[in-house]
Amino acid sequence: SQVLEFRRRATAIAHENAFSIREYAIWTEPELFSIIMTGIVKETGLENEVQKDLFTQAVDKVLRLAQDMGGTMEYCHGVGLKLGYLVEREWGSGWEVARRLKHAIDPYGIMNPGKLGL
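Bear in mind the structure is a predicted one, so any value in this text is a computation, not a measurement. Here the residue numbers are simple positions, counted from 1 along each chain's written sequence. Where totals are concerned, whole chains, interfaces and linings use all residues; where local detail is concerned, this predicted model gives features only for residues with pLDDT of at least 70, and gives and counts side-chain atom pairs only at 80 or more. Excluded from the side-chain calculation are hydrogens and water; included are all heavy atoms of the structure.

A. Structural detail: the packing of aromatic side chains. Working definition: rings of Phe, Tyr and Trp (its six-membered ring) pair if their centres are within 6.5 Å, and the pair is stacked with planes under 30 degrees apart, edge-to-face with planes over 60 apart, and tilted otherwise. A full pass over the atoms with the stated rule returns one aromatic pair. With a centroid separation of 5.0 Å and 75° between ring planes, the pair formed by phenylalanine 19 and phenylalanine 55 is classed as edge-to-face. Taken together, the residues phenylalanine 19 in strand β1 (residues 19-26) and phenylalanine 55 in helix α2 (residues 48-68) connect sequence positions 36 residues apart. The classification of residues rests on relative accessible area computed with a 1.4 Å probe and restricted to protein chains. Under 20% of the type maximum is buried, over 50% is exposed, and intermediate values are partly exposed. Taking the relative accessible area as the measure of exposure, phenylalanine 19 reaches 3% and is therefore buried. The class of phenylalanine 55 is partly exposed, set by a relative accessible area of 26%. Whether a charge sits over a ring comes down to the Lys NZ or Arg CZ being within 6 Å of the ring centre and within 35 degrees of the ring normal. Its end group placed over the ring of tyrosine 24, arginine 7 keeps NZ or CZ at 3.9 Å from the ring centre. Here a helix means four or more residues in a row that DSSP labels H or I, a strand means two or more in a row labelled E, and each is numbered from the N terminus.

B. Inspection of the pattern of salt bridges at higher detail. The salt bridge criterion pairs a side-chain nitrogen of Lys or Arg with a carboxyl oxygen of Asp or Glu, the two atoms within 4 Å. Summed over the entire model, instances satisfying the criterion amount to six salt bridges. Here arginine 64 ties to aspartate 60 by a salt bridge, and the two come within 2.7 Å at their closest N and O atoms. On the criterion of helical spacing, the pair formed by arginine 64 and aspartate 60 is a turn pair, its members being four residues apart in helix α2.

Right, dumping it as structure tokens:
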């Protein structure tokens with residue numbers, strides 16, 4: 001029920017940060033919705049590193065928006081290392097349970113260190 005509102009707000013975030021959304025996709029059902037955000041909408045004159053930082057911030061805002069609207073940031077490929085910093089925010093108290101289980105099974109932290117922010 002939130003897909004169209006999410007799409008509208010994600011588009012606004014992209015445009016506020018001078019990026020464009022190339023593709024929206026619904027994968028079989030509305031709860032599997034993806035966005036491809038890329039490119040510069042206008043010439044900014046900013047250095048590449050600054051543009052990368054702005055892009056990273058825009059992606060972070062879109063992921064947090066998905067969480068805030070009751071969605072999840074990743075449904076297909078997993079969170080891994082790249083998005084691990086957002087897992088606790090998404091899982092709430094479940095993250096602490098996962099952290100404790102991980103520590104009980106892997107007290108030395110050698111199995112997939114850093115995955116899921118654990």
